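Observations on chain architecture
Now for the letters of each chain:
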Amino acid sequence: MIKRGKSEVLRHTFYVDDTVADAGTVTVTVTDEADTQVFTGSAIKTGNEYSFTLPGQATLGRLAIEWNGSLLDDTSAEEVIGSYLFELAELREIFVARDFKKAYSNSLLRDIRDQVTETFESVANLSFVERRKTVRVSVVAGQAFLPVVAVRQVLTVDGESFTGDFTPNGWVDGLTGSSATVTYEHGLDGGVTAEAKGMALELAVHLTGAQAKKTPDNAEQLTDATTGNTYRLSLVGTRGIEVPVPRVDAFLKRIKFDVPGVA
């Protein structure tokens, strides 16, 4: 995920049968969801990795990246979002505070941040950052519900500009037919709150394993043979727990929205 307006170095490694491969001289072409070219240029090779700097993008949505090499071709994808749940520097500050010595690449930490962003949206049924999505929905009596809340804008329906009504909880009116393809932007107003950022960092720390604790975050009951202390361990997917850090799980459940029209 790339923050809107922020240039980003994107990296790629080619593989053949799970083995790192040389792609030769590589040219990169980036297109947006409208199939409009937003960047083209040469990739720089460093060791087995190719990279290029993507200029800041003003439009939210998915980007398709073609890596065309003289020896190999490949494709990848990125998404432009409105903001990050946290900056990588903030996560690294926690590592320093906890005297965590293991080093992580920016690429890996970005992947973890993306995973936390997706997890937050999946559990809470809303996005904490601005995003653009295109979905196919069923239409009944000219109305449909989008599968999220905090809808900010309905852009197009079946490729045409939308002129009907919608509400932030995902209700859309003024549609025709029995189904429609809807492109919309969604996400909470006001940016990422301090509480949401703190919880996102907690989950990111858990995923990296950078915990300066003698007991795990999900400890509920566990008997220590030496001290006699007892803890209980909550496992993801049991007893309604969806996030492996109880505080984060409770936070997401507290603000969770039930999507209208979905059982």
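Residues numbered from 1 in each chain as written. Predicted model: local features only at pLDDT ≥ 70, side-chain atom pairs only at ≥ 80, totals over all residues. Heavy atoms only, no water.

Here we come to the sheet that holds strand S12 (residues 151-157). Pairing is antiparallel in the open sheet, where four strands are placed in the order S10-S15-S12-S13. Every interior strand has two partners, whereas the edge strands, strand S10 (131-138) and strand S13 (160-161), have only one. (Pairing = 2+ DSSP bridges. Helix = DSSP H or I, 4+ residues; strand = E, 2+ residues; numbered from the N terminus.)

This paragraph deals with the pattern of salt bridges. Scanning all chains against the criterion turns up 19 salt bridges. Note that Arg-11 is salt-bridged to Glu-49, the shortest N-O span being 3.6 Å. Here Arg-11, found in strand S2 (residues 8-16), pairs with Glu-49, found in strand S7 (residues 49-54); they are 38 residues apart in sequence, far enough to count as distant. Note on Arg-11: relative accessible area 47%, which makes it partly exposed. The salt bridge involving Arg-254 is made with Glu-195; its shortest N-O contact spans 2.4 Å. Of this pair, Arg-254 sits in helix H4 (residues 246-255) while Glu-195 is found in helix H3 (residues 194-208), placing the two residues 59 residues apart along the sequence. When its relative accessible area of 38% is taken as the criterion, Glu-195 is described as partly exposed. (Salt bridge = Lys/Arg side-chain N within 4 Å of Asp/Glu carboxyl O. Buried < 20%, exposed > 50% of the residue type's maximum accessible area, 1.4 Å probe, protein only.)

This part takes up the confidence of the model for the chain. Summing up the model confidence of the chain, the mean pLDDT is 87 and the portion of residues at 70 or higher is 85%. When the elements of the chain are averaged for pLDDT, H4 gives the smallest value, 89, and strand S4 (residues 26-31) the largest, 98. Note on residues 233-239: pLDDT is under 50 here. Beyond four places in sequence and across chains, it has 17 contacts. (pLDDT = per-residue confidence, 0-100. Contact = heavy atoms within 4.5 Å.)

Attention now goes to the pairing of S4. Of all six residues that make up S4, five are buried, and the element is covered over most of its length. For S4 and strand S8 (residues 61-69), the ladder comprises six bridges, and the chain directions are antiparallel. Looking across to S8, one finds that Thr-31 is bridged to Ala-64. Where S4 lies against strand S5 (residues 37-42), five bridges are found, and the strand directions are antiparallel. Residue pairing for S5: Thr-27 is matched across the bridge by Ser-42.

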